[in-house]
Amino acid sequence: MSNHRFSPVSEDEPCCNLSQKAKICLGTFCVLVVLTIAVMVGVLWGLPAPKLKEWDGKGTTPNFPEIVLGRCYTYTKVLRPELSHKDCRKIGKAFMDAFLSKDPCSSTERDYQPLLELTNQTVPCNKTLFWSKSSELAHQYTTVQQEMFTLENTLLGYIADGLNWCGDADSSEINYGSCPKMGKQCNDTVFVFWNTVSQRFAENACGVVQVVLNGSISNTFNKNSTFGRVEIYNLRPEKVPTLQAWVMHDIGDRSVACSSSSINDLKLILSNRNIKFTCHDNYR
Ligand code: N1C
């Protein structure tokens, strides 16, 4: 048996036999570590958030995420309860994911695909209504004629109508300060959105489709508009036999735009695509 003896630890003598000098050094070191951490946290805390890029157009609509969610619930729970199974939280998230943390000038159709899938919706045949430079009149018409659908009478068009949005490649924040001017500075995220959803709206159309055009402007049919650039080229001739144009004029304007050269251009494009065209001036 070994000869070890346990001696009681004295109360005034702590466990380690550190010299007074070593204790002072250790204490100073600890204080320095704490101070360094505090300074670093303070500096990081006080740093300004990364600056978002500045553009020429107005920024994202204030309260964008809340508006998207609110409109989604209004549409699916109140206006069209047959769509009440749609998941508005998922739809809101897919919308944000389409543009957050991305350069608004590098937006692609692909960014919006998950959102398009979540908001798919069937418009009955013969009930599709397009418009160009005549938004107000077209929507007054669909308010009265509830079975007709413009893109804004579908879920995704209803959610996005009149809103503006963009993100930033170097930040996960919404840019409320400024966004590229739509369709002017670059193929920006809002421009790409309307092109993408307008394309789907036209591809899905079936039966006789209608368009309300503005007969009181020189380019009643404008090749550069969404209607003239995207929608007419994405109608499926095998599903859409005819396009009917309703050309509306200001009160007192008695011109007949149906015989104008711009409407002739529209007629030609459609006849090349095997779609019949009819035109009505100022139908009351
Ligand atoms: O460029 P436009 O008209 O010809 O676009 C209208 C055409 C409609 O038939 C819609 O189906 O394209 C679709 N569409 C919208 O539904 C829509 N809602 C809001 C296209 N654009 C839409 N907006 C905004 O209006 C968007 O900012 C876009 O640039 C304008 C286009 O209006 P316009 O020139 O009168």
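Since the model is a prediction, treat every value here as computed from it, not as a measurement. Residue numbers here run from 1 along each chain, matching the order of that chain's written sequence. Local features in a predicted model are, by the rule used here, given only for residues with pLDDT of at least 70; side-chain atom pairs are given and counted only at 80 or more, and totals for whole chains, interfaces and linings are based on all residues.

Chemist: Talk me through the overall build of the protein chain; I want residue IDs and the actual numbers.
Modeler: Starting at the N terminus, helices and strands are each numbered in turn, a helix being any DSSP run of H or I of at least four residues and a strand any DSSP run of E of at least two. Regarding its fold elements, the protein chain presents nine helices and six strands. The burial criterion counts other C-beta atoms lying within 10 Å of a residue's C-beta, which is placed from the backbone; the residue is buried at 20 or more, exposed at 12 or fewer, and partly exposed between these limits. The 284 residues of the protein chain split such that 28% are buried. We call two residues in contact when the distance between their C-beta atoms, placed using the backbone, is within 7 Å. Here the analysis covers contacts within the protein chain between residues at least 6 apart in sequence; of these, 74% occur between residues at least 24 apart.

Chemist: How would you summarise the site of the ligand if you had to cite specific residues and measurements?
Modeler: As a structural note, the neighbourhood of the ligand is formed by 17 residues, with F130, S132, L151, S225 and T226 the closest of them. Contributing elements (two or more residues each) for the shell around the ligand: β2 (129-132), α7 (189-204) and α8 (226-234). Under the scheme applied here, ten amino acids are nonpolar (Ala, Val, Leu, Ile, Met, Phe, Trp, Tyr, Cys and Pro), four are charged (Asp, Glu, Lys and Arg), and all others, including Gly, are polar. Among the residues making up the shell around the ligand, the classes are represented as seven nonpolar, six polar and four charged. Domain assignment of the residues forming the shell around the ligand places at least three in each of domain 1 (51-119 + 154-204) and domain 2 (123-150 + 205-284). Nearness rests on one distance test: the residue's C-beta atom, set from the backbone, must lie within 6 Å of the molecule or strand. Domain extents, as shown, originate in an automatic or database domain assignment.

Chemist: Report on the confidence of the model for the protein chain, specifying residues and quantitative values.
Modeler: Per residue, pLDDT captures the predictor's confidence, and it can take any value from 0 to 100. Mean pLDDT over the protein chain works out to 90, with 88% of the residues at or above the 70 mark. Between residues 1-13, whose pLDDT stays under 50, and residues either more than four places distant or in other chains, the model counts zero contacts.

Chemist: Could you give an account of the pairing of strand β6 (residues 276-281), with specific residues and numbers?
Modeler: Between any two strands, at least two bridges found by DSSP are needed for them to pair. Looking at chain direction, strand β5 (residues 242-248) and β6 are connected through six bridges and run parallel. Opposite A245, over in β6, you have C279 as the bridge partner. Whether a crossover is right-handed depends on one test, that the path from the first strand over the helix to the second runs clockwise when the strands point away from the viewer. Between the parallel elements β5 and β6, the chain passes through helix α9 (residues 261-272) in a crossover that is right-handed.

Chemist: Would you mind going over the packing of helix α2 (residues 64-79) against helix α3 (residues 88-99) in detail, with residue names and values included?
Modeler: Axis definition: a line fitted to C-alpha atoms, over the contacting stretch in the case of helices. Angles run 0 to 180 degrees between N-to-C directions. α3 packs onto α2 with a crossing angle of 140 degrees between their chain directions and a minimal axis gap of 9 Å. As the angle between them shows, α2 and α3 are arranged oblique. Here the hand of the crossing between α2 and α3 comes out right-handed. Here P65, V68, L69, C72, Y73 and T76 of α2 lie close against α3, whose contacting residues are C88, I91, G92, F95 and M96. For the contact of α2 with α3, the residue count by class is nine nonpolar, two polar and no charged. Here the word oblique covers every angle except those under 35 degrees (roughly parallel), over 145 (roughly antiparallel) and from 65 to 115 (roughly perpendicular). Crossings are assigned a handedness: left-handed for a near helix turned anticlockwise from the far helix by less than a right angle, right-handed for a clockwise turn.

Chemist: Account for the nonpolar core, naming residues and giving values.
Modeler: Core analysis: the biggest nonpolar cluster contains 51 residues, and A205, V211, V212, A245 and V247 have the highest contact counts within it. For this core, the leading source of residues is α7, giving seven residues. Residues from two domains meet in this core; each of domain 1 (51-119 + 154-204) and domain 2 (123-150 + 205-284) gives at least three. Residues enter a nonpolar core if they are buried, belong to Ala, Val, Leu, Ile, Met, Phe, Trp, Tyr or Cys, and are joined to the set through C-beta atoms within 7 Å.

Chemist: Can you tell me about the sheet that holds β6, naming the residues and giving the values?
Modeler: Taken together, four strands build an open sheet; the order of strands is β2-β4-β5-β6 and the sheet is parallel. Looking along the sheet, the strands with just one partner apiece sit at the ends: β2 and β6. Sheet twist, expressed as the mean angle between neighbouring strand axes with direction ignored, is 20 degrees. Set on the sheet, α9 makes contact with β5 and β6; between it and β6 the angle comes to about 160 degrees.

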